[in-house]
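Spelled out from the first residue to the last, the chains are:
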Amino acid sequence: MERIRIAHITTVHPRGDTRIRVRELASIADAGPEPVVLFVQDGNGDAIEAGGSIRILDTGPVPGGRLARMTQGVWRMWRAVRSLQPRLAHFHDPELIPLGLLLKCFGHRVVYDVHEDLPRQVLTKYWLPGFLRRPVSWIVSAIEWLAARVLDSIVPATPKIAERFPPRKTTTIQNFPILDELVEGKVIPYPERPAQFAYIGGLTRERGACEMVNALNHIQTSRLCLAGAFQPADLQTELEALPGWQRVVFAGWANRIQVAEILGNARAGLVVLHPTRRYPDAYPTKMFEYMSVGLPVIVSDFPLWRRIVDDAGCGLLVDPLDPQAIADAMQWILDHPAQAEAMGRRGREAVENNYNWETEARKLAALYNKLLRA
């Protein structure tokens, strides 16, 4: 039986997920002689990447929706992971907690990567009936409490998420950008760029999709490039009926090279998430990516985000529920190109000094070394 050293496991995320594949797997694969394995269920087949240092094993999609994925999909993943006997299993989805507990019982070192504050997130799930959200949130919180006391380590994506887990088992690994990952695309010098703004990420109501498009009604000389997937899908139809959509460039899902090109042609990046339970205390990954390529940012005026932006002097804060306020910030960027470019430079410096993946990668490598030595 083949036995590997480290395996990452997901039934939900795509194989190209930024946190899993671009950051965590790539940094660990670069650090060791043995291949790292990523188990997925996306139906795109097995693959070998990064010169053989990363193997992707696809157990195949599970038809039938969430319930089938959480039962049949988890069972299928259990069989696949056990066949390779990894010394350390690092899983990324809450529905895989039963799998993680089983692997722990069979002698594997197990890490739970907590991407989101799930108990809070459940309270805003549009597909979950309102009367069920709070009970489900309590159940999820109890399951994660149990997992934290049995598994070897918890890896939250933000300090706020980390507060819910035992400090002695918790290593916060934040989604900060790789310093030079997004600066290699086709970049136009800042003063020569068109009057275009960018948003990269999930396109939902909570993430300000409607407000961004409606802001274009108040600023007639600019365009907005949106890259991402709509959730729910019919939100796209609703937005296409708005007057502002006429000046939207919709790129759909974009790979990292395409993201670099979009950002290299923009005047500023937008992150106007709504003040729901889950966002004000979260570290905005996309904001740091915009900063990493020297873009000024236009972001929601949350206390945590205000501290980051004010300390770096890298952007403007707005009421995310007010399209006029968003438009006013966009117009300021266009009217003050020299100051906007200077904001972008200061944002890049803040990423170089504080908000970069290289620091987080060292923390992840140290955690793995500690668990594998134990």
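Now for a description of the structure that goes with this document.

Conventions used here
- Residues numbered from 1 in each chain as written.
- Predicted model: local features only at pLDDT ≥ 70, side-chain atom pairs only at ≥ 80, totals over all residues.
- Heavy atoms only, no water.
- Buried < 20%, exposed > 50% of the residue type's maximum accessible area, 1.4 Å probe, protein only.
- Helix = DSSP H or I, 4+ residues; strand = E, 2+ residues; numbered from the N terminus.
- Pairing = 2+ DSSP bridges.
- Salt bridge = Lys/Arg side-chain N within 4 Å of Asp/Glu carboxyl O.
- Phe/Tyr/Trp six-rings, centres within 6.5 Å; stacked < 30°, edge-to-face > 60°.
- Lys NZ or Arg CZ within 6 Å of the ring centre and 35° of its normal.
- Patch = residues over 30% accessible without salt bridge, like charges linked within 9 Å, V, L, I, M, F, W, Y side chains within 5 Å.
- Areas by Shrake-Rupley, 256 points an atom, 1.4 Å probe, with all protein chains shown as cover.
- Axes fitted to C-alpha atoms, helices over the stretch in contact; angles between N-to-C directions.
- Contact = heavy atoms within 4.5 Å.

**Observations regarding the pairing of strand S6 (residues 109–114)**
- Among the six residues in S6, five count as buried, and that is most of the element.
- Looking at chain direction, S6 and strand S7 (residues 153–156) are connected through four bridges and run parallel. Looking at S7, one finds that Val-111 is bridged to Ser-153.

**Section: the pattern of salt bridges**
- Within this structure, the stated rule accounts for 23 salt bridges.
- Asp-113 is the salt-bridge partner of Arg-19, the closest N and O atoms lying 2.9 Å from each other. Here Arg-19 is found in helix H1 (residues 18–31), whereas its partner Asp-113 is found in strand S6, with 94 residues between them in sequence. The exposure classification of Arg-19 matches that of Asp-113, with both residues buried.
- The closest approach of N and O atoms between Arg-21 and Glu-49, which form a salt bridge, is 2.7 Å. Here Arg-21, found in helix H1, pairs with Glu-49, found in strand S3 (residues 47–49); they are 28 residues apart in sequence, far enough to count as distant.
- Under the relative-accessibility criterion, Arg-21 is labelled buried at 16%.
- Each of Arg-23, Glu-181, Arg-256, Lys-286 and Glu-289 takes part in salt bridges that share partners, so that together they form one network.

**Things to note about the packing of aromatic side chains**
- A full pass over the atoms with the stated rule returns 11 aromatic pairs.
- With centroids separated by 6.4 Å and ring planes inclined at 45°, the aromatic side chains of Phe-230 and Trp-245 adopt a geometry described as tilted. Placement of the pair is Phe-230 in the loop between strand S9 (223–227) and helix H8 (235–240) and Trp-245 in the loop between H8 and strand S10 (248–252), with a sequence separation of 15 residues. Here Phe-230 and Trp-245 have matching classes, each one buried.
- Every member of this aromatic cluster is reached through a ring pair, and the members are Phe-176, Tyr-283, Phe-288 and Tyr-355.
- When the ring centre of Tyr-190 is taken as reference, the NZ or CZ atom of Arg-267 above it lies at 5.7 Å.

**Overview of unusual backbone geometry**
- Along the chain, Gln-231 connects to Pro-232 via a cis peptide bond; the corresponding omega equals -5°.
- For Pro-232, the location among the structural elements is in the loop between S9 and H8.
- Positive phi outside glycine occurs at Ala-50, with the angle close to 55°.
- Inspection of the secondary structure assignment puts Ala-50 in the loop between S3 and strand S4 (54–58).
- Given a relative accessible area of 46%, Ala-50 falls into the partly exposed group.
- The phi torsion at Gln-85 lies on the positive side, around 50°, for a residue other than glycine.
- Inspection of the secondary structure puts Gln-85 in the loop between helix H2 (65–84) and strand S5 (88–91).
- You can call Gln-85 buried: its relative accessible area is 15%.

**Re a nonpolar patch on the surface**
- On the surface, a cluster of nonpolar side chains totalling about 290 Å² of accessible area is made up of Trp-145, Leu-146 and Val-150.
- The partly exposed category is assigned to Val-150, whose relative accessible area is 33%.

**Focus on the sheet that holds S7**
- Pairing in this open sheet of seven strands is mixed, and the strands run S3-S4-S2-S1-S5-S6-S7 from one edge to the other. Among the strands making up the open sheet, the edge pair consists of S3 and S7. Neighbouring strand axes in the sheet, compared pairwise and without regard to direction, differ in orientation by 20° on average.
- Where S5 and S6 come together, four bridges link them in parallel fashion. The partner of Leu-88 across the bridge, within S6, is Arg-109.
- Relative to the sheet, helix H3 (residues 97–105) contacts strand S1 (6–9), S5 and S6, its axis offset from that of S6 by approximately 160°.
- Contacts from helix H14 (residues 357–373) reach S1, S5, S6 and S7 within the one sheet, and its direction differs from that of S5 by about 140°.

**Quick notes on the environment of Arg-66**
- For Arg-66, the position within the fold is in helix H2.
- A C-alpha to C-alpha distance of 38 Å links Arg-66 and Gly-264, two positions 198 residues apart in sequence.

**A few points about the sheet that holds strand S12 (residues 297–300)**
- Pairing is parallel across the open sheet formed by six strands, whose spatial order is S10-S9-S8-S11-S12-S13. The sheet terminates laterally at S10 and strand S13 (315–318), the two strands that pair on one side only. Averaged over all pairs of adjacent strands, the angle between their axes in this sheet comes to 25°, without regard to strand direction.
- One ladder, built from four bridges, connects S12 with S13; its direction is parallel. By the bridge assignment for S13, Val-299 is matched with Leu-317.
- Docked against the sheet, helix H10 (residues 285–292) engages strand S8 (196–200), strand S11 (268–271) and S12, running at close to 175° with respect to S11.
- Together, S11, S12 and S13 form the strand contacts of helix H11 (residues 303–312), whose direction differs from that of S13 by roughly 155°.

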